[in-house]
Amino acid sequence: MTPSPEFRSRWPWVTADLQTIRNVLPGRLPGVPADSGQRFEIPLGDGSGDRLAARYHPGRAPAPAVILVPGLTGCEASRHVLQAADAWVANGAPVVRLNLRGSPPGRSLARGHYHMDRVQDLADACNAVADLDPGIRQQGIVIVGFSLGGALALRLAQAPCRPDLVKAVVAVSAPLDLTATAERIARPRNRFYERWLLGRLKRETEPLWRRAPAAVRAAVQGARHIRDFDDALTAKEAGFRDAADYYASCSPGRGMGGLTVPTLIIHADDDPWVPPPSVVERAPLRVVVTRGGGHVGFHGTGSRMPWYVGAAAQFVASCGG
């Protein structure tokens, strides 16, 4: 694990919680306009007929395409996605702001919903992005995922279905152990966060659970913790017995020894939602744990752009991208 003295919190975002909530508070932040980029749809190859919605910003220079993958209840318009897109677009790279299956911008395109076993969805997205421009097949793809999106990217980095054109993966504040993460978010000090996430999850998945049996509907509506929700809906949607089975099978930390693509994990030591990663750093894996930064925060001194954007760009450059 590589300790990083480089990140320094920017005033007034000097605590883990302030770092974490900064992106949902009013105020100007860098970022591409939410409605910018070319809307396109990605067909999925599982026979469901479901599609993903995405936005594409064409590149201006030879560079790997960057696919930005949001986290739980996030989407193409999440502030951290808009900020990261702004930085990569400014550098001339092609950028795709991806929405996971069933998330609001693509809700009408899918009957199913995203979960941690939808690794093939991300592989299908990579192959579709490669068809957007011949230069992308030449330069390859970098996946930058946030929180759950980062964990999903880590699972793809280990999977046999990973397309060869994926040249690097960056995971920001990603849960490597889903059981430990569910336990942490359920702590009393995180009750506000969990209630907020649960409300968004229930609204986002309503088309799914409204057509489920009455017992499932009641369990979802009565869920008080993320684990309750995953027991009632997510695990069943993913084909697992219950949340414990789902977490054990889909935690990306269990397969990190099988990585074959350069991978960077960025995490803060004070992340209130997700425990710091307990994985051994060895090629091609680099792990950077900062002192402070919260959950997908990293609002640091010296720039209005989150610190992880520069760290990710340096890592990709070091990989030859």
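Residues numbered from 1 in each chain as written. Predicted model: local features only at pLDDT ≥ 70, side-chain atom pairs only at ≥ 80, totals over all residues. Heavy atoms only, no water.

Comments concerning the overall build of the protein chain
Then, number 1: What the protein chain contains, in helices and strands, is twelve helices and nine strands.
Then, number 2: A globule of 321 residues ought to have a C-alpha radius of gyration of about 20 Å, and the protein chain, at 18 Å, matches this closely.
Then, number 3: Along the three orthogonal principal directions, the C-alpha set of the protein chain runs to about 55 × 45 × 40 Å.
Then, number 4: Every one of the 321 residues in the protein chain was classed for burial, and the buried ones make up 57%.
Then, number 5: In the protein chain, the share of contacts with a sequence separation of at least 24, taken over all contacts with a separation of at least 6, comes to 71%.
Then, number 6: Just so you have it, the protein chain exposes about 13,100 Å², and 53% of that area is on carbon and sulfur atoms.
Then, number 7: Computing the positive centroid from 38 side-chain charges and the negative centroid from 29, the protein chain places the two 4 Å apart. (Helix = DSSP H or I, 4+ residues; strand = E, 2+ residues; numbered from the N terminus. Rg over C-alpha atoms; globule rule 2.2 N^0.38 Å. Buried < 20%, exposed > 50% of the residue type's maximum accessible area, 1.4 Å probe, protein only. Contact = heavy atoms within 4.5 Å. Areas by Shrake-Rupley, 256 points an atom, 1.4 Å probe, with all protein chains shown as cover. Lys, Arg positive; Asp, Glu negative; His and termini not counted. Charge placed at Lys NZ, Arg CZ, Asp CG, Glu CD.)

With respect to the packing of helix H9 (residues 214–222) against helix H10 (residues 226–238)
Then, number 1: With their axes 8 Å apart at the nearest point, H9 and H10 run at an angle of 150° to one another. In terms of their interaxial angle, H9 and H10 are classed as roughly antiparallel. For the pair H9 and H10, the crossing hand works out as left-handed. Counted together, Val216, Ala219 and Val220 of H9 and Phe229, Ala232 and Leu233 of H10 form the full contact between these two elements.
Then, number 2: When the residues that make up the contact of H9 with H10 are grouped by side-chain class, the tally is six nonpolar, no polar and no charged. (Axes fitted to C-alpha atoms, helices over the stretch in contact; angles between N-to-C directions. Parallel < 35°, antiparallel > 145°, perpendicular 65-115°, else oblique. Left-handed = near helix turned anticlockwise from the far one by under 90°. Nonpolar A, V, L, I, M, F, W, Y, C, P; charged D, E, K, R; others polar.)

So, the packing of aromatic side chains
Then, number 1: One pass over the full model with this rule turns up ten aromatic pairs.
Then, number 2: With a centroid separation of 5.3 Å and 65° between ring planes, the pair formed by Tyr193 and Trp273 is classed as edge-to-face. Within this pair, whereas Tyr193 is found in helix H7 (residues 191–204), its partner Trp273 is found in the loop between strand S8 (263–268) and strand S9 (285–290), the two being separated by 80 residues in sequence. Like Trp273, Tyr193 is buried.
Then, number 3: Ring centres 5.7 Å apart and planes at 40° place the aromatic pair Tyr246 and Tyr247 in the tilted group.
Then, number 4: Take Tyr247: its relative accessible area is 3%, and that puts it in the buried class.
Then, number 5: These aromatic residues form a ring-pair network of at least three members: Phe7, Phe146, Phe298, Trp307 and Tyr308. (Phe/Tyr/Trp six-rings, centres within 6.5 Å; stacked < 30°, edge-to-face > 60°.)

Points about the nonpolar core
Then, number 1: Counting residues in each nonpolar core, the largest one holds 71 residues, and the members touching the most others are Leu98, Ile141 and Ile143.
Then, number 2: Top element by residues in this core is helix H3 (residues 119–130). It accounts for eight residues.
Then, number 3: In this structure, Ile143 is in contact with Ile67, Val69, Leu122, Cys126, Ala153, Leu156, Val166, Ala168, Val169 and Val170, ignoring residues within four places of it in sequence.
Then, number 4: Membership of the second largest hydrophobic core comes to 33 residues, among which are Ala93, Val144, Ile266 and Met305. (Core = buried A, V, L, I, M, F, W, Y, C linked by side-chain atoms within 4.5 Å.)

With respect to the pairing of S8
Then, number 1: With six of its six residues buried, S8 lies for the most part within the structure.
Then, number 2: The alternating pattern of S8 places Thr263, Ile265 and His267 and Leu264, Ile266 and Ala268 on opposite faces, both of which are buried.
Then, number 3: One ladder, built from four bridges, connects strand S7 (residues 166–172) with S8; its direction is parallel. Considered in S8, the bridge of Val172 is made with Ile266. (Pairing = 2+ DSSP bridges.)

Side note on the confidence of the model for the protein chain
When pLDDT is low, close inspection of the predicted coordinates is not appropriate.
Then, number 1: Across the protein chain, the average pLDDT comes to 95, with 98% of residues at or above 70.
Then, number 2: The low-confidence segment residues 1–5 (pLDDT under 50) makes 16 contacts with residues lying over four places distant or belonging to another chain. (pLDDT = per-residue confidence, 0-100.)

Re H10
Then, number 1: Between its first and last C-alpha, H10 extends only 15 Å over 13 residues, short of the 18 Å set by a 1.5 Å rise per residue.
Then, number 2: The largest bend along H10 measures about 40° and falls at Ala232.
Then, number 3: Buried within H10 are the following residues: Ile226, Phe229, Asp230, Ala232, Leu233, Thr234, Ala235 and Ala238.
Then, number 4: As for H10, its buried residues are in contact with helix H6 (178–185), H7, helix H8 (206–209), H9 and helix H11 (243–250). (Expected span 1.5 Å × (residues − 1). Bend = angle between axes of the 7 residues up to and from the residue.)

A closer look at helix H2 (residues 79–90)
Then, number 1: Its twelve residues give H2 an end-to-end C-alpha distance of 17 Å, which sits within 8% of 16 Å, the value for a rise of 1.5 Å per residue.
Then, number 2: Lining the buried residues of H2 we find strand S4 (65–69), strand S5 (95–98), strand S6 (141–146) and helix H12 (307–318).
Then, number 3: Just downstream of H2 lies Gly92, where phi reads positive at about 90°.

As for the side chain of Arg22
Then, number 1: Looking at the element boundaries, Arg22 is found in the loop between helix H1 (16–21) and strand S2 (38–43).
Then, number 2: For the buried Arg22, which has no salt bridge, the nearest side chain bearing the opposite charge is Asp86, at an N-O separation of 13 Å.
Then, number 3: If near-sequence neighbours (up to four positions away) are discounted, Arg22 is found in contact with Trp13, Gly27, Arg28, Leu29, Arg79, His299 and Arg304. (Salt bridge = Lys/Arg side-chain N within 4 Å of Asp/Glu carboxyl O.)

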